[in-house]
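Structure assessment
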2 protein chains.
Amino acid sequence: MTTDAADEIMTATHSALRTCGYAELTMQDIADESDLSKSALHYHFDGKHDLLVSFLEHLLDRFEARITDPEGETPVERLRWLVETILAPGERRSDGFQTALLEIQAQAPHDEAYRERLEQFDEAFVSQVRSIVAAGVEDGTFRADVDPDQTASLVATYLKGVRTRHVAAGHSLERSAAVIYRHIDDHVVAEDSTVVTAE
Amino acid sequence: MTTDAADEIMTATHSALRTCGYAELTMQDIADESDLSKSALHYHFDGKHDLLVSFLEHLLDRFEARITDPEGETPVERLRWLVETILAPGERRSDGFQTALLEIQAQAPHDEAYRERLEQFDEAFVSQVRSIVAAGVEDGTFRADVDPDQTASLVATYLKGVRTRHVAAGHSLERSAAVIYRHIDDHVVAEDSTVVTAE
């Protein structure tokens with residue numbers, strides 16, 4: 001498959017998931033979002049599951065590339081950038097795509113291929129937070145008693161919860177963001193450093 | 001419908017969700033888990049959706065009854081009991097029921113009836129945490145500078161994330177629990193109070 005064809009299929013899959021959700025999605029829905037026929041899709045992929053595994057790998061590649069070098073001069077800025085990236089306002093509940101992702105996550109216990117990729121997302125994010133926090137403790141912008149593992153796990157789990165609460169109970173992303181920024185200001189950033197909530 | 005029949009249907013729905021998941025669930029699956037026929041179920045409920053809305057209400061009633069008076073003498077004990085109740089070890093990923101609940105949560109943006117009940121779960125839990133934290137600040141077992149709203153939102157969102165990370169990425173419930181207990185010890189409980197992690 002050419003890179004162009006692969007890109008087109010991935011873009012079409014994204015649109016189709018947004019429109020149709022995960023459970024009802026068919027290969028035809030994906031074909032309808034692209035210039036390819038359903039049989040062309042079947043030429044490249046064994047079926048919906050195989051295509052969605054490739055789609056998760058595609059998202060994972062993009063996610064890892066995006067978070068590999070967080071923007072910002074200081075650990076405080078870099079940590080804030082990372083949280084903002086995860087809570088990107090473009091990715092709303094109404095979008096439908098986040099909902100489809102939650103549906104895929106709900107399949108993970110029955111689905112080794114999904115689970116493996118979802119674990120990689122999780123580990124990529126946690127290890128990035130962990131290194132930023134470790135760097136902040138090292139250079140003194142974060143409190144000396146902050147444990148990078150504890151903070152990374154708290155932030156990663158919290159952000160997972162933000163998405164689920166947003167999708168399931170309509171809880172505002174902005175309010176959830178404010179709570180984690182305040183936590184970082186109060187308990188992670190050293191008292192004489194610039195606070196995360198400062199604009 | 002008699003209370004016994006209603007209880008039997010709710011128990012059967014719980015078993016059927018655990019076994020079949022949400023997406024594939026049929027009225028026949030629920031009937032198979034009970035002594036009632038499929039037509040008896042249809043006599044009481046318009047269909048799967050109607051039955052599942054009643055099931056969510058049934059879970060909500062039980063949840064509210066369970067958390068209305070957390071066990072423990074002190075706010076520290078009561079907060080710990082509440083967190084433990086949410087992370088109850090009986091409710092594992094392998095159980096299948098938690099996965100089905102996540103599938104239902106993923107439907108909420110398209111489904112007003114689910115969403116309304118899920119918002120009630122969320123609000124019931126948040127307000128219970130908020131009152132325990134306020135009581136702890138009041139009686140001095142929690143730090144004077146703890147904000148009950150901030151803490152309740154952090155804990156509720158974190159615990160939502162624990163479930164999602166457990167289902168989607170297999171993250172250990174015990175490790176997630178340890179992180180929130182440590183947060184409570186380090187940042188919520190007053191320094192001269194009994195720590196939450198003490199057994």
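Calculation notes
- Residues numbered from 1 in each chain as written.
- Chains lettered and ligands numbered in written order.
- Predicted model: local features only at pLDDT ≥ 70, side-chain atom pairs only at ≥ 80, totals over all residues.
- Heavy atoms only, no water.
- Least-squares fit on C-alpha atoms with pLDDT ≥ 70 in both.
- Contact = heavy atoms within 4.5 Å.
- Helix = DSSP H or I, 4+ residues; strand = E, 2+ residues; numbered from the N terminus.
- Expected span 1.5 Å × (residues − 1).
- Buried < 20%, exposed > 50% of the residue type's maximum accessible area, 1.4 Å probe, protein only.
- Polar contact = N/O pair within 3.5 Å; in protein donor to acceptor, adjacent residues only side chain to side chain.
- Phe/Tyr/Trp six-rings, centres within 6.5 Å; stacked < 30°, edge-to-face > 60°.
- Lys NZ or Arg CZ within 6 Å of the ring centre and 35° of its normal.

Looking at an unreviewed UniProt entry, chain A carries the name Transcriptional regulator, TetR family, with the source organism given as Halopelagius inordinatus.

1. Some details on the relation of the copies chain A and chain B
The second copy of the chain is related to the first by a rotation about an axis and a shift along the axis. For the pair chain A and chain B, the relating rotation is 180°, the translation along its axis is 0.0 Å, and the fit reaches an RMSD of 0.0 Å. The superposition of one copy onto the other is thereby described by a two-fold rotation axis. Among all residues of chain A, the one whose C-alpha sits closest to the rotation axis is Gly161 of chain A, at a distance of 1.7 Å. When the interface residues of chain A are mapped onto chain B, 100% of them again fall at the interface, so both copies present the same face.

2. Digging into helix 9 (residues 173-187) of chain A
With 15 residues, helix 9 of chain A should reach 21 Å at 1.5 Å per residue; the first-to-last C-alpha distance of 21 Å fits that figure. Residues Leu173, Ser176, Ala177, Val179, Ile180, Tyr181, His183, Ile184 and Asp185 of chain A constitute the buried set of helix 9 of chain A. Packed against the buried residues of helix 9 of chain A are helix 5 (75-86) and helix 8 (148-169) of chain A together with helix 8 (148-169) and helix 9 (173-187) of chain B. Sitting at the head of helix 9 of chain A, Ser172 of chain A places a side-chain oxygen 3.2 Å from the backbone nitrogen of Glu174 of chain A.

3. Description of the packing of aromatic side chains
Considering all chains together, one arrives at six aromatic pairs over all chains under this definition. For the ring pair Tyr22 of chain A and Tyr114 of chain A, a centre distance of 6.1 Å and an interplane angle of 75° mean the geometry is edge-to-face. Note that Tyr22 of chain A is positioned in the loop between helix 1 (3-20) and helix 2 (27-32) and Tyr114 of chain A in helix 7 (residues 112-139), a separation of 92 residues in sequence. You can call Tyr22 of chain A buried: its relative accessible area is 13%. Taking the centre distance of 5.4 Å and the plane angle of 45° together, the rings of Phe63 of chain A and Phe121 of chain A count as tilted. With a gap of 58 residues between them, Phe63 of chain A in helix 4 (residues 48-67) and Phe121 of chain A in helix 7 connect regions that are remote in the sequence. Assigned by exposure class, Phe63 of chain A and Phe121 of chain A land together as buried. Note that Lys48 of chain A overlies the ring of Tyr22 of chain A, its terminal NZ or CZ placed 4.6 Å from the centroid. Over the ring of Tyr181 of chain B we find Arg80 of chain B, and its NZ or CZ is 4.1 Å from the ring centre.

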